[in-house]
Amino acid sequence: MSKVKVVFWSGTGNTQAMADAVANGITSAGGEAEVTTFDAISAADAAKDTVIAFGCPAMGAEVLEETTVEPFMADYEGFASGKKIALFGSYGWGDGQWMRDWQDRLTSAGATIVGGEGVMANGAPDADTISALEDLGRQLAQA
Ligand SMILES: Cc1cc2nc3c(=O)[nH]c(=O)nc-3n(C[C@H](O)[C@H](O)[C@H](O)COP(=O)(O)O)c2cc1C
């Protein structure tokens, strides 16, 4: 049985709800999900897994959360080659630039983005987005 980490940061709970939906998708496909936060794991530990999910909302001005997530990802890029990574996150008023930048830096580091692109929610995830996140989880369980 595949065990997949779903690592997230969330200030007000929207990205956390998205993480839970990804985890539900993983378990619905017969996998095992481990939901954890960016401050609970090192990049080197996360890099032990070939398949992993990361979630972070748009913060600052279209950037990742800067205290925990950005330093984590800067480290993780050194390990990203060959990984299959699912990305997700919530945003407010932007157009998803933070997610495109996140995808691009991991792709440039040699990773594959599961599902082709990150799943975004404007604010709290609606029913369609929950379905997309569950589908992403199923893809992770089978990746
Ligand atoms: C300090 C701060 C900076 C933000 N910067 C952006 C931004 O650049 N672009 C955007 O679309 N939303 C931005 N937002 C909105 C959040 O991405 C949005 O509220 C999101 O739903 C928060 O997700 P969370 O509940 O997982 O923390 C920002 C919110 C905060 C608090």
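Residues numbered from 1 in each chain as written. Predicted model: local features only at pLDDT ≥ 70, side-chain atom pairs only at ≥ 80, totals over all residues. Heavy atoms only, no water.

- The protein is annotated in an unreviewed UniProt entry as Flavodoxin from Butyrivibrio hungatei.
- The record in UniProt for the protein states the following under Function (unreviewed entry): "Low-potential electron donor to a number of redox enzymes."
- One UniProt comment on the protein, placed under Cofactor (unreviewed entry), says "FMN". (UniProt positions renumbered as here; feature names shortened; annotations may be inferred.)

1. Examining the nonpolar core
Point 1. Of all hydrophobic cores here, the largest spans 23 residues; its most connected members are Phe 54, Phe 72, Met 73, Tyr 76, Trp 102 and Leu 106.
Point 2. Residue assignment for this core shows that the elements contributing at least two residues are helix H2 (43–46), strand E3 (51–55), helix H3 (69–76), strand E4 (84–91) and helix H4 (97–108).
Point 3. Beyond its immediate sequence surroundings of up to four residues, Met 73 is in contact with Phe 38, Phe 54, Leu 64, Trp 102, Arg 105 and Leu 106. (Core = buried A, V, L, I, M, F, W, Y, C linked by side-chain atoms within 4.5 Å. Buried < 20%, exposed > 50% of the residue type's maximum accessible area, 1.4 Å probe, protein only. Helix = DSSP H or I, 4+ residues; strand = E, 2+ residues; numbered from the N terminus. Contact = heavy atoms within 4.5 Å.)

2. With respect to H4
Point 1. If you check H4, its first and last C-alpha atoms are 16 Å apart, about what 12 residues at 1.5 Å a residue would give, namely 16 Å.
Point 2. Those residues of H4 not exposed but buried are Trp 98, Met 99, Trp 102, Gln 103 and Leu 106. The arc that holds every buried residue of H4, seen down its axis, measures 135 degrees, which confines them to one face.
Point 3. For H4, the elements touching its buried residues are E3, H3, E4, strand E5 (112–113) and strand E6 (119–122). (Expected span 1.5 Å × (residues − 1). Arc of directions from axis to C-beta.)

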